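Residue-level structural notes
Chain by chain, the residues:
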Amino acid sequence: VLVILAGRPLALQNIVDAVPALLYAWHPGASGGPAIVDVLFGMESPSGKLPVTFPRVVGQVPIYYNHKPTGRPPDPETFVPIDAIPVDAPQTSLGNSSHHLDAGFTPLYPFGHGLSYGQFNYESIAIDPPRLDAGGEIEISARLTNSGSRSATEVVQLYVRDLVGDVTRPVRELKGFQRVRLSPGESTIVRFRLTPDDLAFYGRDMRRIVEPGRFHAWIGGSSTTELRTEFVLTED
């Protein structure tokens, strides 16, 4: 087991490949020693989540979850890593998507990532109502289940994407999170509420605006969750 005490996202791909277990302690302070012992010996289940994105190698920097959309986003189905290209292959753009041939396009650990001794499953995302009016609010919910054998705490996260805006909008934005502790086999419905003000941003004239349109919303345990729904923000 390797314990790293640091305060910034390090490129740890080679270390991760070399050790069977890695514990990253982010400036744990004077009580860090007892806390690490409690986690390593199973007296406490870890529940921390990353507030940054960890790159695989330094060549991926800058890398962060809430980046702007690119013209040619990478596709896991068509991505070709450098080791899969024959030595005598002719020059090709390989689709000309946004990725590093030698490092791919995914981070080592995404924003919001964190392991636990529990096993959490997300399902049945729902939204009520599907249209958000000015001055109103909507509720986005999902069922969370601890299917593991240990009681544990999960940090449930809500992400939103504005599909069309006055200026380019991030592919995902964290809009809320909740800490939920569940016993083995226990389930609960986690609920988030959104208002139009939660969807505001600064336009081209640097004034805070709220624009109507379609939005995607995700609930999950990190910024890579795929459990998605959508809603419409109306003008009225």
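Whatever comes next refers back to the structure up there.
Residues numbered from 1 in each chain as written. Predicted model: local features only at pLDDT ≥ 70, side-chain atom pairs only at ≥ 80, totals over all residues. Heavy atoms only, no water.

1. Focus on a nonpolar patch on the surface
For clarity, the threshold we go by: Residues form patches when they are more than 30% accessible in relative terms and have no salt bridge. Like charges link within 9 Å. Nonpolar side chains (Val, Leu, Ile, Met, Phe, Trp, Tyr) link within 5 Å. For the area figures, the Shrake-Rupley method with a 1.4 Å probe applies, and any residue is considered shielded solely by the protein chains shown. What counts as a salt bridge is simple: a side-chain nitrogen of Lys or Arg found within 4 Å of a carboxyl oxygen of Asp or Glu. Numbering goes from the N terminus for both helices and strands, where a helix is a DSSP run of H or I of at least four residues and a strand is a run of E of at least two. Each residue is placed in one exposure class: buried if its accessible area under a 1.4 Å probe, protein chains only, is under 20% of its type's maximum, exposed if it is over 50%, and partly exposed if it falls in between.
A contiguous nonpolar patch, built from Val 1, Val 3, Leu 5, Val 37, Leu 40, Phe 41 and Met 43 and spanning about 720 Å² of accessible area, is present on the exposed surface. Contributions of two or more residues to the nonpolar patch are made by strand E1 (2–6) and helix H2 (32–40). The topology assignment puts Val 1 in the segment before E1. Assessed through its relative accessible area of 67%, Val 1 is described here as exposed.

2. Section: unusual backbone geometry
Val 61 connects to Pro 62 through a cis peptide bond whose omega is 0°. Among the secondary structure elements, Pro 62 is positioned in the loop between H2 and strand E3 (120–128). Here the residue pair Asp 128 and Pro 129 is connected by a cis peptide bond, since its omega of -10° sits within 30 degrees of zero. When you line up the elements, Pro 129 lands in the loop between E3 and strand E4 (131–132). Of note in this structure, His 27 is not a glycine but carries a positive phi near 45°. One non-glycine residue, Ser 124, adopts positive backbone phi at about 55°. For Ser 124, a relative accessible area of 51% gives the class exposed.

3. Regarding the nonpolar core
Short version of the rule: Throughout this description, the term nonpolar core refers to a set of buried Ala, Val, Leu, Ile, Met, Phe, Trp, Tyr and Cys residues connected via side-chain atoms within 4.5 Å. It only takes one pair of heavy atoms within 4.5 Å for two residues to be counted as in contact.
Counting 23 residues, the largest nonpolar core has Ile 140, Leu 194, Leu 199, Ile 219 and Phe 231 as its most contacted members. Only E3, strand E5 (138–146), strand E6 (152–162), strand E7 (173–182), strand E8 (187–194), strand E11 (213–220) and strand E12 (228–233) provide two or more residues apiece to this core. Dropping the residues within four chain positions of it, Leu 199 is found in contact with Leu 132, Val 160, Leu 194, Phe 215, Phe 231 and Leu 233. The next biggest cluster of nonpolar side chains, apart from the first, holds 7 residues, and it includes Leu 12, Leu 50, Phe 54 and Leu 108.

4. Considerations on the sheet that holds E6
Threshold: A pair of strands is considered paired only if DSSP assigns at least 2 bridges between the two.
On the basis of which strands lie adjacent, the open sheet formed by 5 strands has the order E4-E12-E11-E6-E7 and mixed pairing. The open sheet has two free edges, formed respectively by E4 and E7, since each of these has just one partner strand. Relative to E12, E11 is paired through 6 bridges, and the arrangement is antiparallel. Paired with Arg 214 across the bridge in E12 is Val 232.

5. As for the sheet that holds E3
Just so we agree on the cut-off: To get an axis, fit a line to the C-alpha atoms, keeping to the stretch in contact for a helix; angles then go from 0 to 180 degrees between the N-to-C directions.
Taken in spatial order, the 3 strands line up as E3-E5-E8 in an open sheet, and their pairing is antiparallel. Whereas interior strands pair on both sides, the edge strands pair on one side only; in this sheet they are E3 and E8. Geometrically, the sheet is characterised by an average inter-axis angle of 20° between neighbouring strands, direction not taken into account. For E3 and E5, the ladder comprises 7 bridges, and the chain directions are antiparallel.

6. Re H2
As a reminder of what qualifies: Summarising the geometry, the arc corresponds to the directions from the helix axis toward the C-beta atoms.
By the burial criterion, the buried members of H2 are Gly 32, Ile 36 and Val 39. Looking down the long axis of H2, one finds its buried residues gathered within 65° of arc, a one-sided arrangement. Residues of H2 that are buried in the fold lie against E1 and strand E2 (22–26). Of the residues trailing H2, Gly 42 is marked for its positive phi of about 80°.

7. Structural notes on the packing of aromatic side chains
For clarity, the threshold we go by: Classification of ring pairs rests on two measures: the distance between centres of Phe, Tyr or Trp rings, Trp counted by its six-membered ring, which must be within 6.5 Å, and the angle between planes, read as stacked under 30 degrees, edge-to-face over 60 and tilted in between.
Within the structure shown, the criterion is met by 5 aromatic pairs. Pairing Phe 79 with Phe 105 gives two aromatic rings, centres 5.4 Å apart and planes at 85°, and the pair type is edge-to-face. With Phe 79 in the loop between H2 and E3 and Phe 105 in the loop between H2 and E3, this residue pair connects regions lying 26 residues apart in the sequence. For Phe 105, a relative accessible area of 27% gives the class partly exposed. With a centroid separation of 5.2 Å and 5° between ring planes, the pair formed by Phe 215 and Phe 231 is classed as stacked.

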